[in-house]
Each structure stands twice: as structure tokens, then as C-alpha cells.
Amino acid sequence: MAKLAEWKQIGKWTMTVGAVLALGACGGNKGDAAKADAPADSKGGNVELTISCGSVGQDYEMCKKLTDAWAQKTGNKVKLFTAPNSSTDILALFRQQFGAGSSDLDVVMIDVVWPGILKNHLVDLKQYSNGAESKHFPAIIANNTVDGKLIAMPWFTDGGLMYYRKDLLEKHNLPVPKTWAEMAETAQKIQDAERAAGNKDMQGFVFQGKAYEGLTCDSLEWVSSFGGGSFVEADGKISVNNPQAAAAFDTAAKWVGTISPKSVLNGGEEEARGIFQNGNAVFMRNWPYAWSLMQKDDSKVKDKVGVSPLPAGGEGGKSTATLGGWQLAVSKYSKHPKEAADLVMFLTSPEIQKQRAIEGSYNPTIPELYKDADVLKATPFMGDLYDVFTSAVARPSTVTGDKYNEVSAAIWNATSSVLNGKSNGADAAKKLEEDLTKIRRGDKW
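Residues numbered from 1 in each chain as written. Predicted model: local features only at pLDDT ≥ 70, side-chain atom pairs only at ≥ 80, totals over all residues. Heavy atoms only, no water.

## Focus: the pairing of strand β4 (residues 77–80)
And then number 1: Where burial is concerned, the two faces of β4 differ: the one with V78 and L80 is buried and the one with K77 and K79 is not.
And then number 2: Examined bridge by bridge, strand β3 (residues 48–52) and β4 share four bridges and lie parallel to one another. Within β4, the position partnered with T50 by the bridge is K79. (Buried < 20%, exposed > 50% of the residue type's maximum accessible area, 1.4 Å probe, protein only. Helix = DSSP H or I, 4+ residues; strand = E, 2+ residues; numbered from the N terminus. Pairing = 2+ DSSP bridges.)

Here you go:
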């Protein structure tokens, strides 16, 4: 196992200017100096903290500027730990450090699906928050609350979105689809027409289809939108074996080879974005981070893209987005938990979240910022995201705790079996129920 210093060096070697964080948590575009006057009261400290809050490009630079602002305000010092780029490696590193009771890290940035996994190693922030959690999206606070303890504060959020070529919809006089059936019909019409007009590479719809965490996110959106539940409900009940979930699986399988290229079965977020940004797809499911990249001068779809909530499922269905994003937490082994908590409250405050939204297109976790005039001027599409995040559905990570990685693998493998034509929806839902029951190994997770 690598020591902390070795992981630092690995992080430096592998740092790239990128936008994507694994497991569906994504950032925005540009960062600048910290200017917000957010509250922090640890005056005159001379305490030195170490924080892990972003390891690539803009994430790292904005974190440095913001922590420098807190340090100047409080008289304390902050060192940035450069974590590995991969979420899997980050989690492994944190578990190694926590398992050893190491105090090397004071504040850590954790994925939205990790609270249940790391719950025994993080400080309950309720004793420091003064009720600040009430300003954030309730679903995210609920996700970060384990056994009654608030073990992390929301840092920025994500949710699945539907991107569409507004110029092509206008050209073919078609509306933005509201259901998956309408999306498939519209995608087929435009795909066929554009191919007939000379673009042989045009695809109707691209999404995350390879067997990994991204497919779990997509699958949850499909199943939930059809009214099929969340695979495992908040009370621990395994709910996936139902007709609605089966119908969702079968619906998605019909896209592959018709409106979606078969290569989608080997692609993630960036592969989907590459096809769409090169002008070769009508619709794309992706995270908010993709917006700023598609507005760059070298993008073939600059000023041609619209964003909407994901389509609803069958009759009586609803639009559902999988909740993504990252949180800030305090290690239970920190020698300075009070100061570390103060830093967390500073970084997650409305003032700082507003600054990050304006300067970096990071999606706030505070509802009121989606109506803020300054935020909407800088990133107009954020006003349309409010309903997406208020209705976002969390993956069953908190309830399944340490077993979530196994749970997610079972979900993406079951979904993949249907997309690849090896199973049908009903059989896949039944087998997934059996697999999840084996993972649970008893009445409780």
C-alpha cells in the first residue's frame, strides 16, 4: 500500500487539465480569485490543515484560491493534498488512511455515494453547522446523514441531463421530447433525415452504456422514471423485481443498434460527449460539466445546444435524474476538528457556492442560488436545473453502506446484460433481485 507521500507524487504525475470526476460528479469551466466574504471565525489560529478537495485543473486551482482566502481570514494555514484522479483510487487511499487512524488529512472531498462507506471515520458536523444544512437541497443532506449524524456538507452537485441539438429540432420542426418514447421517435426521424442528407455518422442518442458506475446512474434514471423504484429503497427493501423496472430495461435495449451506435456499450461520459460535440448526435445524456466544454470555440456545436430534464418513463412516469456531486467532510482523526469544520462551513457557504457557480459553473447545493441574478447572468442554463436537482434520486449507497460497490456492480451488470441482448428486462430484474439478496446476506444491510 502506498504511503501518503507516495500518493501525493502519483497525483502530481497524473494531474491533467480535465473536467470529469468519476461516479457522476463533475465540475464546471473557469476559475478565478476568491473574493467572497463568507463567515469564518477561527481568528488568529496558527493551525495548519491539510485538505483534499480537487486534484485536476480548475478543481485544484479554485480550491487553492478559496482555502488561501480562509487562511488569510483566520490566521491559519492550509496545505492541499493532490489526490489520485480516479475516484476508485481516492476511496482506496482514504480507507487506507482512516484504517491506520492517520491524522495526515483533516478535510476530505467525498463522492455522493461514499457516506455510508466512510461513516465511521468522519466527524458529525451538526455540532459546528449552526443549522446551515437547512439551506441545502434536502435530498443531499439526507444522503449525507447516516445514523442521525451529518457526516458531510454538500460542496457541489450534479444530476443527469438531456442535451439536444436545438438547431436540428428547429430544422425538422420537432419539439423537445417529454418522454423516452417521444425521444426515441424524434431521434429516429432526425437521424434518418440527416443521414439521407449526407451525414452518415449521425446518431439519434448517446449515453453511458459500458458496464461501470455511469451505467448504474443511467439505469437508475430509466427505472425510476418508469416508476420502478430505486433498486434498494431507503428502508433496505430490494425493490427491483417489478414490471416497471423490466419495462425500463427493455426500452433502453431497443435503442442500441437503432438510434444509438453499438459502440455506446463500451462508452462513458467522455465518449458520449465526443460524439455529440463533434456534431454527430441529436440527443445525449450527460452531467452538467459537459455544457461549458460544448461552448468552447473549438466545439462544432457551440450555440447549437439546448438542455432539458431527462424524459419521463411510460404512462404515469416522471422525469428522474440520478444525484451526483461531491461533499466536504472532516476526518475523525484530525488533530484540529474545530478548525477543519470551520473551513468546511466556509467552503460550502452560500457566498462561496455563488462564487464557484459564477466563476466555474459548479452547480450549487443551495436552492436560492438557482434564482440569483448574478448566477443566472453568468450561467443562464442553471435556472433550468433547479427542478432537476430538487427531484434527483440518490443511488442506494447510504442504505447499503460498505456493500454499495457490490450493489452497484450487480446493477450495471444486470443492465448491461439487457443492453447487450443477453437477457430481457423481466429476467434481468429477477436475477438482480437474487444477486442483491446474496450481497445483503441477511435481513439487514
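After presenting the structure, the write-up continues.
## Regarding helix α11 (residues 269–277)
One turn of an α-helix holds 3.6 residues; hence residues three or four places apart share an orientation.
And then number 1: Taken together, the buried positions of α11 are E269, A272, R273, F276 and Q277. Buried residues of α11, viewed axially, fall in a sector of 120°; they line one side.
And then number 2: Where α11 is buried, its residues contact β9 (161–165), β10 (203–206), α9 (213–225), β11 (281–286), α12 (289–294) and β12 (305–308).
And then number 3: Immediately downstream of α11, the backbone of G279 shows phi near 85°, a positive value. (Arc of directions from axis to C-beta. Contact = heavy atoms within 4.5 Å.)

## Section: the packing of aromatic side chains
And then number 1: Scanning all chains against the criterion turns up 17 aromatic pairs.
And then number 2: Ring geometry for F94 against F98: centres 6.1 Å apart, planes inclined by 35°, an arrangement best described as tilted. Taken as a pair, F94 and F98 lie in helix α3 (residues 87–99) at a separation of four residues, close to a single helical turn. The two residues F94 and F98 agree in class, both being buried.
And then number 3: Seen in terms of ring centroids, W180 and W255 are 5.1 Å apart; in terms of plane orientation they differ by 40°. Their pairing is tilted. Of the two residues, W180 is situated in helix α8 (residues 180–196) and W255 in helix α10 (residues 243–255); the sequence distance between them amounts to 75 residues.
And then number 4: Residue classification places W255 among the buried positions, given a relative accessible area of 4%. (Phe/Tyr/Trp six-rings, centres within 6.5 Å; stacked < 30°, edge-to-face > 60°.)

## A word on the packing of α9 against α10
A pair of packed helices is characterised by two quantities: the angle between their axes and the separation of those axes.
And then number 1: Running from N to C, α9 and α10 cross one another at 125°; their axes reach a closest spacing of 8 Å. Viewed along their axes, α9 and α10 adopt a mutual orientation that is oblique. Considering the relative orientation of α9 and α10, their crossing is right-handed. Along the contact surface, α9 presents S219, W222 and V223, while α10 presents A245, A248, F249, A252 and W255. (Axes fitted to C-alpha atoms, helices over the stretch in contact; angles between N-to-C directions. Parallel < 35°, antiparallel > 145°, perpendicular 65-115°, else oblique. Left-handed = near helix turned anticlockwise from the far one by under 90°.)

## A closer look at the sheet that holds strand β5 (residues 107–111)
And then number 1: Within the open sheet, the five strands sit side by side as β4-β3-β5-β13-β8. Their pairing is mixed. The open sheet has two edge strands with one neighbour each: β4 and β8 (153–159). Within the sheet, the average angular offset between the axes of one strand and its neighbour, ignoring direction, is 20°.
And then number 2: On the sheet, helix α13 (residues 337–347) packs against β3, β4, β5, β8 and β13 (323–330) and is oriented at approximately 150° with respect to β13.

## Observations regarding the state of the cysteines
And then number 1: Under the counting rule described, the total for this entry stands at one disulfide.
And then number 2: Two residues, C53 and C63, share a disulfide whose sulfurs are 1.4 Å apart. Because the torsion about its S-S bond is -60°, the bridge between C53 and C63 counts as left-handed. Highlighted residues: C53 in the loop between β3 and α2 (57–74) and C63 in helix α2, separated in sequence by 10 residues.
And then number 3: Using a relative accessible area of 2% as the deciding quantity, one classes C63 as buried. (Disulfide = S-S within 2.5 Å.)

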